[in-house]
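The primary structure of each chain is shown beneath.
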Amino acid sequence: MPEVIALKCITGSECTAIGRMPQDRGRVASLDTLRGFAIAILLIATPLVSALKEVPQSATRDMLVWQLSHVKGEGISLFDVGWPAFLIIAGVSLNFSLARRLERGETRFAAWLDLVRKSLLCALFAFFVHGGFSIPWAKVYFADVLFIYAAVIFVAGTAQLVLGFRGVLTLLLLLMVGISVATVWGTYASFETIQQKPGSSLDDVIQKALGSKLAMKYVWYFPRQLMSCLAGLLLAKVYQSDLPPQRRVWWLVGIGITAVGAAYLMEGWIQISKRYWTTSYTLCTFGITCLFLAAFGQVIEAWGGRAFTMPWIVFGKNSLAAYAAHELVPFDKYAQRVLGYAFESVLGPYNEVLLAIVQFMLCWLVFYALYRRNIVIRLG
């Protein structure tokens, strides 16, 4: 059986091998593949969109820019699905991890302590990625996605250990109802205030009331992202059942269509918006994620198309490390060294598009090398 080197990462830059362990049994390839696909979209979007905006306008260019950018108002793009999908899959994986610990005979308290340790390591990793001690403490943005991710994993894992399946379902429903009511009532109550400042929103009113953007992120936005992870905890039941791959695919299709349909039914009261991370947006992204999982599950588990997984699973096995490398390593500079402007006279503005693709491929090749050696960088 292939082996994977388990690494304990303290800061993200220094990793020490602590032994060799068998590769995880029961790992679902479609989950790793979709996780890698989501990270790939997040990594390619920023350089590619900047490059595409410089090329002549066309229907294809406009479609790509739309799909690889956040929708500023109502609506949803492929890029808008990336982070929620990552949180949903994190919830599924978290359920698997906690279940394995309990099956091995660990107490819930011991599993919770390990969850605390991993969450703290993830927060420390985020601190390093976003500047560490190289910048003043006050300038570290503690509401960035990696910090939010650490908090979400801790709260969701604690909920799973303490509440169980029904408790997590109840908590998710309470959050959805509470946030929906708060959004509708808050918008109505602050309508005049919003109208006085063109371009302002309920978020601006909430931020002013709470006194800072950091407080708003954790009080107003954190529960919204937590919902996606809680939904993943519940979705894990589909994978933990004895359903054969084809029936599991149909279950995912049914759940996905139901969730997307419910989101569009809600849209009359609460718009689907990534900017405000509305409950209808959470439902819609959950449904789309289920449909992606169904499509990947059909190809990989039902049809046995394992070759399809490789381009995406390269990032899927080291997702947080890939995100951090994209933030820390100047792949754009290396792309210029590899390609430079050798084809600029021929390609014109399309040379920037080629540079963006080369930048992405250099990052992919680094993690392909890790994948070929079965090296998985884990936090904790």
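As shown above, the structure is provided for reference.
Keep in mind it's a predicted model, so treat the numbers as computed, not measured.

Draft legend 1. Geometry of the nonpolar core. Ranked by size, the top nonpolar core spans 108 residues in total, and within it L31, Y149, L230, L235, Y239, F315 and F367 carry the most contacts. Other than its neighbours up to four places away in sequence, L31 contacts I89, V92, F96, Y239 and L293.

Draft legend 2. The arrangement of the environment of G75 in detail. Along the chain, G75 turns up in the loop between α2 (59–67) and α3 (78–103). Spatially, the C-alpha atoms of G75 and I272 are 5.7 Å apart, while their sequence positions differ by 197 residues. Here G75 is in contact with D80, I272 and S273, once residues within four sequence places are set aside.

Draft legend 3. How the structure looks around the pattern of salt bridges. According to the stated counting rule, one finds nine salt bridges in the structure shown. For the salt bridge of R35 with D32, the shortest nitrogen-to-oxygen distance reads 2.4 Å. Note that R35 and D32 are positioned in helix α1 (residues 29–52) at a spacing of three residues, about one turn of the helix. With respect to burial, R35 and D32 carry one shared label: buried.

Draft legend 4. Here's a closer look at the packing of α1 against helix α10 (residues 279–302). Contact geometry for α1 and α10: axes closest at 9 Å, N-to-C directions at 125°. Here α1 lies oblique to α10, going by the angle between them. α10 is crossed by α1, and the crossing has right-handed handedness. Each of A29, S30, L31, T33, L34 and F37 in α1 lies in contact with α10, whose residues at this interface are T289, F292, L293, F296, G297, I300 and E301. Split into classes, the residues belonging to the contact of α1 with α10 amount to eight nonpolar, four polar and one charged.

Draft legend 5. Representation of unusual backbone geometry within the structure. Unusually for a residue other than glycine, W277 sits at a positive phi of about 45°. Structurally, W277 is set in the loop between α9 (245–266) and α10. W277 gets classed as buried once you look at its relative accessible area, which sits at 2%.

Draft legend 6. Examining the environment of P311 more closely. Looking at the secondary structure, you find P311 in helix α11 (residues 310–316). Overall, the relative accessible area of 33% leaves P311 in the partly exposed class. Sequence separation between P311 and T33 is 278 residues, and the spatial gap between their C-alpha atoms is 8.4 Å.

How each quantity is defined
Residues numbered from 1 in each chain as written. Predicted model: local features only at pLDDT ≥ 70, side-chain atom pairs only at ≥ 80, totals over all residues. Heavy atoms only, no water. Core = buried A, V, L, I, M, F, W, Y, C linked by side-chain atoms within 4.5 Å. Buried < 20%, exposed > 50% of the residue type's maximum accessible area, 1.4 Å probe, protein only. Contact = heavy atoms within 4.5 Å. Helix = DSSP H or I, 4+ residues; strand = E, 2+ residues; numbered from the N terminus. Salt bridge = Lys/Arg side-chain N within 4 Å of Asp/Glu carboxyl O. Axes fitted to C-alpha atoms, helices over the stretch in contact; angles between N-to-C directions. Parallel < 35°, antiparallel > 145°, perpendicular 65-115°, else oblique. Left-handed = near helix turned anticlockwise from the far one by under 90°. Nonpolar A, V, L, I, M, F, W, Y, C, P; charged D, E, K, R; others polar.

Geometric descriptors of this kind do not, in isolation, establish any biological role.
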